[in-house]
Amino acid sequence: DDRAVKHWIIAANMGHDGSLENLKLVYREGLPASPQIYREGLVSKEDFASALRAHQTAVDATKSPQRETAERFWREEAARGDG
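Residues numbered from 1 in each chain as written. Predicted model: local features only at pLDDT ≥ 70, side-chain atom pairs only at ≥ 80, totals over all residues. Heavy atoms only, no water.

Novice: Which residues make up helix α3 (residues 45–61), and what are the values?
Specialist: Helix length check: α3, at 17 residues, gives a terminal C-alpha distance of 24 Å against a target of 24 Å (1.5 Å per residue), a fit within 8%. Buried within α3 we find Phe 48, Ala 51, His 55 and Ala 58. End-on view of α3: buried residues confined to an arc of 90°, all on one side of the axis. Facing away from the buried surface of α3 by more than 90 degrees, the exposed residues are Lys 45, Glu 46, Arg 53, Thr 57 and Ala 61. Check the buried side of α3 and you find it contacts α1 (2–13) and α2 (17–29). (Helix = DSSP H or I, 4+ residues; strand = E, 2+ residues; numbered from the N terminus. Expected span 1.5 Å × (residues − 1). Buried < 20%, exposed > 50% of the residue type's maximum accessible area, 1.4 Å probe, protein only. Arc of directions from axis to C-beta. Contact = heavy atoms within 4.5 Å.)

Novice: Can you break down the environment of Ala 51 residue by residue, with the values?
Specialist: In this fold, Ala 51 is placed in helix α3. You can call Ala 51 buried: its relative accessible area is 1%. Separated by 28 residues in the primary sequence, Ala 51 and Leu 23 place their C-alpha atoms 8.6 Å from one another. Once residues within four sequence positions are removed from consideration, Ala 51 is found in contact with Ala 12, Asn 13, Leu 20 and Leu 23.

Novice: Please set out the packing of aromatic side chains residue by residue, giving values where relevant.
Specialist: Aromatic ring pairs are defined here through the distance separating the ring centres and the angle between the ring planes. One pass over the full model with this rule turns up two aromatic pairs. Seen from their ring centres, Tyr 27 and Phe 48 are 5.0 Å apart, and the 10° between their planes marks the pair as stacked. With a gap of 21 residues between them, Tyr 27 in helix α2 and Phe 48 in helix α3 connect regions that are remote in the sequence. Classification of Phe 48 by relative accessible area gives buried; the value is 10%. Geometrically, the ring pair formed by Phe 73 and Trp 74 is edge-to-face, given 5.0 Å between the ring centres and 80° between the ring planes. We classify Phe 73 as partly exposed; its relative accessible area is 41%. (Phe/Tyr/Trp six-rings, centres within 6.5 Å; stacked < 30°, edge-to-face > 60°.)

Novice: Account for the side chain of Ser 19, with residues named and values stated.
Specialist: Secondary-structure assignment places Ser 19 in helix α2. Here Ser 19 falls in the buried class, since its relative accessible area comes to 5%. Apart from the residues within four sequence positions on either side, Ser 19 is in contact with Trp 8, Ala 11 and Ala 12.

Right, dumping it as structure tokens:
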């Protein structure tokens, strides 16, 4: 139902990747995981475009050199098996 779509839009706007993927699926194919609940047309082109822009803005806002350094460090630790 469109209540789920509204929640996906909110979460995507905050940078949640899974919600953006759900919106993309409903927008492009109209065939989500539960076809009996959803129907085509729940996500308009404008809604999807807006959510996509907001998602990218949210993701960009979390980027920083310090975060990238920390992420690299933890990936290297995990690859060595120390984490």
